[in-house]
Number of protein chains: 2
Amino acid sequence: MKIALDAMGGDNAPQEIVKGALLAAQKYPCEIILVGDERIIRAELGETNLPITIRHADEVIAMGEHPADAVRCKRNSSIVVATRLVRDGECDAVLSAGSTGAAVAAAQLILKRIHGIGRPAIATPIPTPRGTTLLLDSGANVDSHPEHLVQSGIMGSLYAEHVLKINKPRVALLNIGEEETKGNEQVKAAYQLLKTLSTINFAGNAEGRDIPRGVFDVVICDGFVGNVVLKFGEGLALTIMKLLTEELTSNGGAKILGSELLAETFRNLSKRLDVSENGGAPLLGVNGCCVISHGSSDARAICSAIRVACNYVDSKILERISASLTNAPAVETVTGLR
Amino acid sequence: MKIALDAMGGDNAPQEIVKGALLAAQKYPCEIILVGDERIIRAELGETNLPITIRHADEVIAMGEHPADAVRCKRNSSIVVATRLVRDGECDAVLSAGSTGAAVAAAQLILKRIHGIGRPAIATPIPTPRGTTLLLDSGANVDSHPEHLVQSGIMGSLYAEHVLKINKPRVALLNIGEEETKGNEQVKAAYQLLKTLSTINFAGNAEGRDIPRGVFDVVICDGFVGNVVLKFGEGLALTIMKLLTEELTSNGGAKILGSELLAETFRNLSKRLDVSENGGAPLLGVNGCCVISHGSSDARAICSAIRVACNYVDSKILERISASLTNAPAVETVTGLR
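Rules and cut-offs
Residues numbered from 1 in each chain as written. Chains lettered and ligands numbered in written order. Predicted model: local features only at pLDDT ≥ 70, side-chain atom pairs only at ≥ 80, totals over all residues. Heavy atoms only, no water. Helix = DSSP H or I, 4+ residues; strand = E, 2+ residues; numbered from the N terminus. Buried < 20%, exposed > 50% of the residue type's maximum accessible area, 1.4 Å probe, protein only. Contact = heavy atoms within 4.5 Å. Areas by Shrake-Rupley, 256 points an atom, 1.4 Å probe, with all protein chains shown as cover. pLDDT = per-residue confidence, 0-100. Polar contact = N/O pair within 3.5 Å; in protein donor to acceptor, adjacent residues only side chain to side chain. Pairing = 2+ DSSP bridges. Axes fitted to C-alpha atoms, helices over the stretch in contact; angles between N-to-C directions. Core = buried A, V, L, I, M, F, W, Y, C linked by side-chain atoms within 4.5 Å. Salt bridge = Lys/Arg side-chain N within 4 Å of Asp/Glu carboxyl O. Phe/Tyr/Trp six-rings, centres within 6.5 Å; stacked < 30°, edge-to-face > 60°.

## A look at the overall build of chain A
Here is step 1 of the chain: Secondary structure assignment for chain A yields 14 helices and twelve strands.
Here is step 2 of the chain: Burial status across chain A gives 59% buried among its 338 residues.
Here is step 3 of the chain: For chain A, the proportion of contacts with a sequence separation of at least 24, taken over those separated by at least 6, is 71%.
Here is step 4 of the chain: Accessible area for chain A stands at about 13100 Å²; split by element, carbon and sulfur atoms hold 49% of it.

See below:
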């Protein structure tokens, strides 16, 4: 298995990206192609006999650039070159911690959408006390039509079953109430389509609080809502940890506990809350494996994301999504997009 | 000052509502009219010489009922009777911990909207390490037009300034990125309207993580997004506390700390995170003071919400909102709704 890794993308690129590649090449049966400025990557990589090679790309798409425009203009940028490696069959997956918009645009423009899918969706695995809840779309597209939410439900269900190994995943629609009649026009229409689908285990509406509690295996939403919710959760978790440290310190807790016990508790808790423990988030709905990592990813997170890419490819999820859309008359009927 | 309190609304009604009234009547210079089944309320209230009276209402709107239909049909329900007391000038404010939808519908149908406001918005004060961030709309209306988001910005800014006593409140628009060009059609159009407004201190886009961090004083969003975010935050905070307790316990922390220190730390932290500490959330944009409390409110939360109602009335916020819409040509121009 060959992974094209955007070595120039992310807050900690290229150092942590290269370190992550070194970790993953020792742990997983894969070959890694680091894509980016050869001289810089070579300096970070040093000498190694692990299956890691470099593919030169002399441009980088920065965070502030307009994604689609940048992908079209910077044809030799690391994310574009890495994505082309997948399109051309040289690699099985592309992985980036750079601009999410650019990775999504490159995947859409170069790999193209799966026939029958209106818009791809980023599927973020959220750690919960009961396991993992897959939230999609967590930011690939906004202003989704109801049909796109239905397609996210189908793709998320297949991913949860075959990659996360959840039996008959419970799929829910993110809404402001449990009742079928609740919500905005978009989700009310999506609910009516979802309840007629026999190919997924649709469990009705989820409310915001159901996500962290892990009540459902897959939660479907528009990319605007998903993005806001994920970033809100990130900020809230950090704020709570900060407040807790303050409270414990002012209570004399730090002294009593000793810094080590407190530090270990926080490490364990962070680990259980940390999205990077679950690795990257796959972009579902394009013709190829594209995994998106958080901009702040360190080597450990990159290594996890490479594992996600390996699992994705092993599970043949791409073929399953295509087949599900071909074989499911219900989808064809409800989406009207094929 | 007279407060009409829906004694039948909420998970803990009427016990905690009546207890909350007793607490508030001792602390604040107000008279409380408990609205609901007289016999039941009388039994809870017992004998008191505090300024608390009862107004009989023999119906209750339950959580599952369709809000507007129920308000129209159950003309003698506690929330409808309480709201009428405000319309008729007998009370200065109405407060309910019952169905939010019913409270909003009663306010819209009975008090009516302020002239110039397209849709009212629930303004929820969120505790942050830096103070309070007011999130609106947190669930009164979905499918908002850009103009409604602008009106929320104006109302939220006035509330933050005159009730929360924040000087020149920084108002931001909830979005998926900082850049002006980001977002769905709704927020992109709202951004263009907001940046021309001279009457508020518009600070650009907020991302989800900015809310718990307290980066802005007022954050504007559609009621669908606001509701999902608030409930997500509620669930996440509870989940983190649960996981932390597990981690500390399994680390032997509980034994070392002693249950009292741990309990105190958690109490303090909960207090800093607890929405009920900040009391209820006002529904802004209707002709009268309507304060909405969480369904799980206990006596302390009800007491805080009564304080919120008192501050609302004292601050003459209603008159300020009306005047701002009358005097601000910019609003008239951008909204096209007057």
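## Here we look at the confidence of the model for chain A
A low pLDDT means the predicted coordinates there should not be read in detail.
All names here are of chain A.
Here is step 1 of the chain: Per-residue confidence for chain A averages 90 on the pLDDT scale, and 87% of its residues sit at or above 70.
Here is step 2 of the chain: Across residues 328-338 the pLDDT falls below 50, and counting only partners more than four positions away or on other chains, this stretch makes 21 contacts in the model.
Here is step 3 of the chain: Confidence estimates for the predicted assembly give a pTM of 0.91 and an ipTM of 0.90.

## Re helix α2 (residues 38-45) of chain B
Here is step 1 of the chain: Structurally, the start of α2(B) carries an N-cap: the backbone nitrogen of R39(B) is 3.1 Å from a side-chain oxygen of D37(B).
Here is step 2 of the chain: Downstream of α2(B) by one or two residues, G46(B) has phi in the positive range, about 65 degrees.

## Some points on the sheet that holds strand β8 (residues 170-174) of chain A
Residue and element names in this part refer to chain A.
Here is step 1 of the chain: Strand order in the open sheet formed by five strands is β6-β7-β10-β8-β9, and the pairing between neighbours is mixed. Among the strands making up the open sheet, the edge pair consists of β6 (124-128) and β9 (201-206). Across this sheet, the average inter-strand angle for adjacent strands is 30 degrees, counted without regard to direction.

## Description of the side chain of D137(A)
Residues and elements named next belong to chain A.
Here is step 1 of the chain: Within the secondary structure, D137 sits in the loop between β7 (131-136) and α6 (146-162).
Here is step 2 of the chain: Within polar-contact distance, the side chain of D137 engages the backbone nitrogen of G139 at 3.0 Å.
Here is step 3 of the chain: One polar contact links the side chain of D137 to the main-chain amide nitrogen of A140, over a distance of 2.8 Å.
Here is step 4 of the chain: In contact with D137, other than residues within four places in its own chain, are P120, A121, I122, C221, D222, G223 and G226.

## Remarks on the nonpolar core
Here is step 1 of the chain: Ranked by internal contacts, the top residues of the largest apolar core, which has 161 residues, are I32(A), L34(A), I306(A), I32(B), L34(B) and I306(B).
Here is step 2 of the chain: Excluding its chain neighbours within four sequence positions, the residues that come into contact with I306(A) are I3(A), L5(A), G20(A), A21(A), A24(A), Y28(A), C30(A), I32(A) and L95(A).
Here is step 3 of the chain: V71(A), A103(A), L111(A) and L283(A) belong to the second largest nonpolar core, which has 31 residues in total.

## Some points on the pattern of salt bridges
Here is step 1 of the chain: Per the stated rule, a full pass over the model turns up 24 salt bridges over all chains.
Here is step 2 of the chain: A salt bridge links E185(A) to K188(A); the nearest nitrogen and oxygen atoms lie 3.8 Å apart. Here K188(A) and E185(A) lie together in helix α7 (residues 185-194), a separation of three residues that amounts to about one turn.
Here is step 3 of the chain: When the shortest N-O distance is used, the salt bridge between E207(B) and R209(B) registers 3.5 Å.
Here is step 4 of the chain: According to the relative accessible area criterion, E207(B) is buried, its value standing at 11%.
Here is step 5 of the chain: One continuous salt-bridge network, built from bridges that share partners, spans E207(A), R209(A), K231(B) and E234(B).

## Quick look at the packing of aromatic side chains
Residues and elements named next belong to chain A.
Here is step 1 of the chain: Enumeration over the complete set of coordinates arrives at five aromatic pairs over all chains.
Here is step 2 of the chain: Arranged with centres 5.2 Å apart and planes meeting at 75 degrees, the rings of Y191 and F202 form a pair that is edge-to-face. Linking Y191 in helix α7 with F202 in strand β9, this pair joins segments that are eleven residues apart in sequence. Like F202, Y191 is buried.

## What about the pairing of strand β11 (residues 281-284) of chain B?
Residue and element names in this part refer to chain B.
Here is step 1 of the chain: Residues of β11 alternate between two faces, with A281 and L283 on one and P282 and L284 on the opposite face, all of them buried.
Here is step 2 of the chain: Where strand β5 (residues 121-122) meets β11, two bridges bridge the pair, whose relative direction is antiparallel. By the bridge assignment, A121 is partnered in β11 with L284.
Here is step 3 of the chain: Here β11 pairs with strand β12 (residues 289-292) via two bridges, running antiparallel. Paired with A281 across the strands is I292, a residue of β12.

## Considerations on the environment of L109(B)
All names here are of chain B.
Here is step 1 of the chain: Relative to the helices and strands, L109 is located in helix α5 (residues 100-111).
Here is step 2 of the chain: What makes L109 partly exposed here is its relative accessible area of 32%.
Here is step 3 of the chain: A sequence separation of 49 residues divides L109 from L158, and the C-alpha atoms of the two residues are 24 Å apart.
Here is step 4 of the chain: When sequence neighbours within four positions are dropped, the list of residues in contact with L109 reads A68, V71 and R72.

## Quick word on the sheet that holds β12(B)
Residue and element names in this part refer to chain B.
Here is step 1 of the chain: Strands sit in the order β3-β2-β1-β4-β12-β11-β5 across an open sheet of seven strands; the sheet is mixed. For this open sheet the edge positions go to β3 (52-56) and β5, each flanked by a neighbour on one side alone.
Here is step 2 of the chain: Where strand β1 (residues 2-6) and strand β4 (residues 93-96) come together, three bridges link them in parallel fashion. Within β4, the residue paired with A4 across the bridge is V94.
Here is step 3 of the chain: Strand contacts of α2: β2 (31-36) and β3, with the helix running at about 160 degrees to β3, the strand carrying the most contacts.

## Considering unusual backbone geometry
Here is step 1 of the chain: That bond from A13(B) to P14(B) is cis: its omega, -5 degrees, falls within 30 degrees of zero.
Here is step 2 of the chain: Tracing the backbone shows P14(B) in the loop between β1 and α1 (15-27).
Here is step 3 of the chain: Look at the link from L136(B) to D137(B): it is a cis peptide, with omega at 5 degrees.
Here is step 4 of the chain: Although it is not a glycine, K316(A) sits at a positive phi angle of roughly 55 degrees.
Here is step 5 of the chain: The residue K316(A) is located in the loop between α12 (299-314) and α13 (317-327) in this model.
Here is step 6 of the chain: For K168(B), which is not glycine, the phi torsion reads 40 degrees and is therefore positive.
Here is step 7 of the chain: Mapping K168(B) onto the fold places it in the loop between α6 (146-162) and β8 (170-174).

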